[in-house]
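Now for the letters of each chain:
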Amino acid sequence: MFSRIVATGSSVPELEVGNDELAGLVDTSDEWIVTRTGMSRRHIATTDTTSSLAAAAARKALDAAGLSADDIDLIMVATVTPDNFTPTVSCQVQAALGNTAATCLDLWAGCSGFVYSLRVADSMIRAGGVHRALIIGAETLSRVVDWTDRNTCVLFGDGAGAVVLEASDEPGVLACVTRSDGSRGNVLRIPGLANSNPWAIKAASDADAIAPPPSVISMDGQEVFRFAVGAIQWSLEESARIAGIDISSIYRIIPHQANNRIIDAVASRMGIERDVFYTNLQRFGNTSAASIPLALDELNRAESIPVGAYLALVGFGGGLTWGGSVIRWAQTA
Ligand code: UT7
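Residues numbered from 1 in each chain as written. Predicted model: local features only at pLDDT ≥ 70, side-chain atom pairs only at ≥ 80, totals over all residues. Heavy atoms only, no water.

1. Some details on the nonpolar core
Grouped together as the largest cluster of nonpolar side chains are 46 residues, with contacts concentrated most on Leu-236, Ile-253, Phe-277 and Phe-316. Of all the secondary-structure elements, those providing two or more residues to this core are helix 8 (221-243), strand 11 (250-255), helix 9 (260-270), strand 12 (310-317) and strand 13 (321-328). Counting residues per element, this core draws most heavily on helix 8, at nine residues. In this structure, this core is formed jointly by two domains, domain 1 (2-171) and domain 2 (174-184 + 216-328), each of which donates at least three residues. (Core = buried A, V, L, I, M, F, W, Y, C linked by side-chain atoms within 4.5 Å. Buried < 20%, exposed > 50% of the residue type's maximum accessible area, 1.4 Å probe, protein only. Helix = DSSP H or I, 4+ residues; strand = E, 2+ residues; numbered from the N terminus. Domains from an automatic or database assignment.)

Here it is in structure tokens:
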């Protein structure tokens, strides 16, 4: 028993914000952002939420597969920006789709959330407990960006991408690898809620220790950059090794869309043609857990990926977390 991707979908908010508009908010410029990251614009939510984007991407994937909501028995959403702590985004998607058959599960693994979710769903399908899964990466990072911090606010965007993964006799997902290093968690943080319980406040020797931390992204960009290059290389090498294929036979690599320079560095270090890496960060920015399925859906709709072609998906991000997958492309609807 294997699992394979049979359809993709995505959704982004209508509003597009260009670099020049950000230069009106913080001390930056189109030239700096393009040169240092490759990004020109990103979609920003105004009325959309993480769950509405996730549900819209899911509907498109279901439509592409010619399936109805109740054909799905697992809904997984990778996100670091859920609408609520509970209900989960996956439960909200279930309600929006009118599905009554699925187990719903959110997964937090930063920008690696989609490849982590693929690994979990693939394992559940291969174990026989699940027949067909919706795997969604969805974010509204605009809610947790510090819009006064030029180091981070120019990088992120909102959106969602989804795939339908189903049980198959034919090999589809050939390998999934994941790693984590919690000891380096501080290099990329979005703090949780402040503790307002009166006993904790009384027990705190330093009032600042429990002062509400701003729930915004902070990042040591250079440290994450260095980590990312090694993480992508390891994920590609390890997933190709387990899949039993040579990296040179991969048709397209879809990396987490964080920075063109990271991808350039990996391509040159590993001797891989730059064009093998698919990027759309120019138009979407870094959408964290949504970036890989968003790019995969765009690629799938833009060109006909040959049936049987090998694709590699590679994620890295907060936690720290990283991982990848090699898949053999199936006929998508
Ligand atoms: O999805 C999660 C994973 N995240 C990532 O993968 C991000 C990885 N890191 C990066 O992509 C890059 O490190 C950044 C794009 C975040 C930053 O690029 P950098 O080339 O590493 O720049 P830097 O942090 O070394 O900053 C260089 C200069 C600094 O000024 P000084 O100290 O040299 O005077 C910054 O203050 O650029 C300045 N700077 C800016 N200037 C104009 C930082 N942000 C901006 C900005 N506009 N937006």
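2. Points about the pairing of strand 5 (residues 103-107)
When a strand is regular, its side chains alternate between the sheet's two faces. Two strands pair when backbone bridges link them, and strand 4 (residues 74-78) and strand 5 are joined in this way by five bridges, in the parallel orientation. Counterpart to Met-76 in the pairing with strand 5 is Leu-105. A crossover connection joins strand 4 to the parallel strand 5 through helix 4 (residues 89-97); in handedness this β-α-β unit is right-handed. (Pairing = 2+ DSSP bridges. Right-handed = clockwise from strand over helix to strand, strands pointing away.)

3. A closer look at unusual backbone geometry
In this structure, the amide linkage connecting Thr-86 to the following residue, Pro-87, adopts the cis form with an omega of 5°. By the secondary structure assignment, Pro-87 is in the loop between strand 4 and helix 4. With an omega of -5°, the peptide bond between Gly-319 and Leu-320 qualifies as cis. Summarising the element assignment, Leu-320 is placed in the loop between strand 12 and strand 13. Phi is positive for Ser-288, close to 50°, though the residue is something other than glycine.

4. A look at a nonpolar patch on the surface
On the surface, Phe-85, Trp-108 and Leu-193 cluster together into a nonpolar patch covering about 430 Å² of accessible area. Here Trp-108 shows up in the loop between strand 5 and helix 5 (113-126). A residue is classified by how much of its surface remains accessible, and Trp-108, at 52% relative accessible area, is exposed. (Patch = residues over 30% accessible without salt bridge, like charges linked within 9 Å, V, L, I, M, F, W, Y side chains within 5 Å. Areas by Shrake-Rupley, 256 points an atom, 1.4 Å probe, with all protein chains shown as cover. Salt bridge = Lys/Arg side-chain N within 4 Å of Asp/Glu carboxyl O.)

5. Examining the packing of helix 8 against helix 9
Where helix 8 contacts helix 9, the axes come no closer than 9 Å and their chain directions differ by 50°. Taken together, the axes of helix 8 and helix 9 are oblique relative to one another. Between helix 8 and helix 9 lies a crossing of right-handed hand. On helix 9, the residues that touch Phe-225, Ala-228, Val-229, Gly-230, Ile-232, Gln-233, Leu-236 and Glu-237 of helix 8 are Arg-261, Ile-262, Ala-265, Val-266, Arg-269 and Met-270. Class assignment of the residues belonging to the contact of helix 8 with helix 9 gives a composition of nine nonpolar, two polar and three charged. (Axes fitted to C-alpha atoms, helices over the stretch in contact; angles between N-to-C directions. Parallel < 35°, antiparallel > 145°, perpendicular 65-115°, else oblique. Left-handed = near helix turned anticlockwise from the far one by under 90°. Contact = heavy atoms within 4.5 Å. Nonpolar A, V, L, I, M, F, W, Y, C, P; charged D, E, K, R; others polar.)

6. Section: the pattern of salt bridges
Tallying each qualifying case throughout the model produces 12 salt bridges. We note a salt bridge from Arg-184 to Asp-181, for which the minimum N-O separation is 3.0 Å. Among the residues examined, Arg-184 registers a relative accessible area of 30% and is labelled partly exposed. Glu-303 is paired through a salt bridge with Arg-252; the nearest N and O atoms lie 4.0 Å apart. Pair noted here: Glu-303 is in the loop between helix 11 (291-302) and strand 12 and Arg-252 is in strand 11, with a separation of 51 residues, a long-range link. When salt bridges with common partners are traced through the structure, they connect Arg-4, Arg-132 and Glu-166 into a single cluster.

7. A closer look at the site of the ligand
By nearness alone, 23 residues border the ligand, and Thr-28, Gln-222, His-256, Asn-259 and Asn-286 come closest of all. Between the ligand and Arg-36 there is a distance of 2.8 Å, counted from an oxygen atom to a side-chain nitrogen or oxygen. Between a nitrogen atom of the ligand and a main-chain N or O atom of Gly-221, the distance comes to 2.9 Å. Protein burial of the ligand: of its 950 Å² of free accessible surface, 76% is covered by the chains. A majority-of-atoms criterion places the ligand in the largest pocket. Mapped onto the shell around the ligand, the elements with two or more residues apiece are helix 2 (30-37), helix 6 (150-153), helix 8 and helix 9. Broken down by element, the shell around the ligand gets its largest block of residues, four residues, from helix 8. Among the residues making up the shell around the ligand, the classes are represented as 11 nonpolar, eight polar and four charged. Shared between two domains, the shell around the ligand takes at least three residues from each, and those domains are domain 1 (2-171) and domain 2 (174-184 + 216-328). (Near = heavy atom within 4 Å. Polar contact = N/O pair within 3.5 Å; in protein donor to acceptor, adjacent residues only side chain to side chain. 1 Å grid on protein atoms, 1.4 Å probe; cavity = no way out; pocket = protein on both sides within 12 Å on 5 of 7 lines; lining within 4 Å. Sits in = over half its atoms within 2 Å of the grid points.)

8. Quick word on the domain arrangement of the chain
Taken domain by domain, the chain comprises domain 1 (2-171) and domain 2 (174-184 + 216-328). One C-alpha centre belongs to domain 1, the other to domain 2, and the line joining them spans 16 Å. Between domain 1 and domain 2, roughly 3,600 Å² of surface is buried when both sides are summed, and carbon and sulfur atoms account for 63% of that area. It is Cys-111, Val-115 and Tyr-116 in domain 1 that bury the most area against domain 2; as a group they hold 17% of the surface buried on that side. Where domain 1 touches domain 2, the interface holds 23 residue pairs in polar contact (both at pLDDT 80 or more). Within the residue set of the side of domain 1 that touches domain 2, elements represented by two or more residues are strand 1 (2-11), helix 2, strand 3 (41-43), helix 3 (50-65), helix 5, strand 6 (132-140) and strand 7 (158-168). Of all the elements, helix 5 adds the most residues to the side of domain 1 that touches domain 2, at seven residues. Split into classes, the residues belonging to the side of domain 1 that touches domain 2 amount to 22 nonpolar, 17 polar and nine charged. (Buried area = accessible area lost by both parts, 1.4 Å probe.)

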